[in-house]
Amino acid sequence: MTSNTNSHARTSEEKSLISLLPFGVFLGLFLGTGIVLTLNGVDFAFYQLPASIAIIPAILFAIFLGKASINTQINQFIDGAGHNNIITMCVIYLLAGAFATVAKSTGSVDASVQLGLSVFPDYLLLPGLFIVAAFLSTAMGTSMGTIAAIAPIALGFIETANLDAGIVAGCIISGAIFGDNLSFISDTTIASTRSQGAKMNDKFKVNFKFAIPAALICLVIFFVIGEDIPFEQAKDISLIGLIPYMVILVLALSGVNVFVVLIVGIILAAIIGMLSNDYQISSWVNDINTGFSGMQDTMILALFIGGLSELIKQQGGLAALTSGVKSLANKLCPNNKKRSAGIGIAGLAFACNFFTANNTVSIIVTGEAAKNLATDGDLPPAHSASILDIYACISQGLLPYGAQALLLGATLKISPVEVVLSSFYPMVLFFVGGYAFWRATK
């Protein structure tokens, strides 16, 4: 009887794991097409099949695999697409696009670029971008808000100083992920500490030991690859154009909601333009609309990923993934409970984020399982919360279909794949965090 029960459980889990296949279809179409076209010398290869189109067959496949009625699955898809985190990201996309366009039209971007070029020596420009992004993200508690504020400035750097857009994007996403993972007010920090029953101060202390060494290594990397950056500095810098960014930074550091920050930036940039460059209200309206339009594909993809994730969750895919990772962790370290628990939590967070493309959602989904692992392995809540947060953020920083890479790619006019290829901080943190935890659990 027991044998039959175990066999039935394995069969059920295998069927649930099959529900993860639609993500494989999506990745195969999107990445596969881009890679093949790149090898064939096609320009903008990853734009030939937009991610928002490549995901449609995956959604249809997920519905085909589902056992519920079509109406039920469509409702599940809509619930996922309408998740609070997904809608939040979409609104940020729209506001970020509008702010970037208005700031460019009114001269704020150019003014910020010129000031930045005058402050940073050429060999410190990339480390400087990383530090600014890390500081702002830690203060704001959001990688998306940080990217939305800095990306338009970075675009100006790229155009003026002839920088590699992929490397610049890598600096920004690296700094943004650093702060998102470490900040006291980050939604990932709040989700991880609450799910594990940990105190924020304790989680920060554990996290800090992993994050700082990884950040220092990244600074060295960006310093080395950032040598001999040519640029032509303007003689006159219009400081009035800096006001929107200065206000945004102050508001962000004060903990003001990112929506308010971006709206104030859009209005203030327009006012500055009207006072200094004869900027017209009609132009402002058109620029806002242009900014919205530029984020259309990114916003559609975010909605579709949210819906697809919910379908897979309802079909048991995420639960089966959780069970599989827990089993594998126990096999890897059968004689070290703490180490096994840590590996299981890291694997859960990383893998779940791979399929949901949302670090906060992945933490919420795996939080209970992570807490059970930590309890079984006598792992302190602060450590389990830290590992959960770290590896969810690492995964998010390396996904070409993640919100951060999509926003940077859309703003800097490059493929999101180029963004993640230079996302050094998540790469370094993956090994630094793993090594530090391994030594701590001898």
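All of the points below concern the structure found in this document. (Residues numbered from 1 in each chain as written. Predicted model: local features only at pLDDT ≥ 70, side-chain atom pairs only at ≥ 80, totals over all residues. Heavy atoms only, no water.)

1. Remarks on the overall build of the protein
Piece 1. Counting its secondary structure elements, the protein contains 22 helices and 0 strands.
Piece 2. For the protein, contacts bridging at least 24 residues in sequence account for 80% of all contacts bridging at least 6.
Piece 3. Per element, the accessible surface of the protein, about 19100 Å² overall, is 64% carbon and sulfur. (Helix = DSSP H or I, 4+ residues; strand = E, 2+ residues; numbered from the N terminus. Contact = heavy atoms within 4.5 Å. Areas by Shrake-Rupley, 256 points an atom, 1.4 Å probe, with all protein chains shown as cover.)

2. Topic: the state of the cysteines
Piece 1. Applying the stated criterion across every chain yields a total of 0 disulfides.
Piece 2. Among the cysteines around Cys171, which has no disulfide bond, Cys218 carries the closest sulfur, lying 9.1 Å off. (Disulfide = S-S within 2.5 Å.)

3. Observations regarding the pattern of salt bridges
Oppositely charged side chains can pair when the atoms bearing their charge come close.
Piece 1. Counted under the stated rule, the structure contains 1 salt bridge.
Piece 2. Between Asp389 and Lys203 there is a salt bridge, with the nearest N and O atoms lying 2.7 Å from each other. Of the two residues, Asp389 is situated in helix α19 (residues 381-397) and Lys203 in helix α11 (residues 200-225); the sequence distance between them amounts to 186 residues. Lys203 matches Asp389 in its accessibility class, with the two residues each being buried. (Salt bridge = Lys/Arg side-chain N within 4 Å of Asp/Glu carboxyl O. Buried < 20%, exposed > 50% of the residue type's maximum accessible area, 1.4 Å probe, protein only.)

4. Digging into the nonpolar core
Piece 1. Among the nonpolar cores identified, the biggest contains 122 residues, and Phe26, Tyr93, Leu408 and Tyr425 are the most heavily contacted of them.
Piece 2. Apart from the residues lying within four places of it in its own chain, the contact partners of Leu408 are Ile147, Ala151, Ala169, Ile172, Ile173, Lys413 and Val419. (Core = buried A, V, L, I, M, F, W, Y, C linked by side-chain atoms within 4.5 Å.)

5. Considerations on the packing of aromatic side chains
Piece 1. Applying the stated criterion across every chain, the model contains 10 aromatic pairs.
Piece 2. Taken together, a centroid distance of 5.6 Å and an interplanar angle of 70° make the contact between Phe178 and Tyr425 edge-to-face. One end of the pair, Phe178, is in helix α9 (residues 165-182); the other, Tyr425, is in helix α22 (residues 424-440), and 247 residues separate them in sequence. For the pair shown, Phe178 and Tyr425 are each scored as buried.
Piece 3. Among the aromatic residues, those joined into a cluster by ring pairs are Phe130, Phe178, Phe222, Phe424 and Tyr425. (Phe/Tyr/Trp six-rings, centres within 6.5 Å; stacked < 30°, edge-to-face > 60°.)

6. Thoughts on the packing of helix α18 (residues 359-376) against α19
Piece 1. At a closest axis distance of 10 Å, the pairing of α18 and α19 adopts a crossing angle of 145°. For the element pair α18 and α19, the recorded crossing hand is right-handed. Here α18 contributes Asn359, Ser362, Ile363, Thr366, Gly367, Ala370 and Ala374 to the contact with α19, which in turn contributes Ser384, Leu388, Asp389, Ala392, Cys393 and Gln396.
Piece 2. Here the residues of the contact of α18 with α19 sort into 6 nonpolar, 6 polar and 1 charged. (Axes fitted to C-alpha atoms, helices over the stretch in contact; angles between N-to-C directions. Left-handed = near helix turned anticlockwise from the far one by under 90°. Nonpolar A, V, L, I, M, F, W, Y, C, P; charged D, E, K, R; others polar.)

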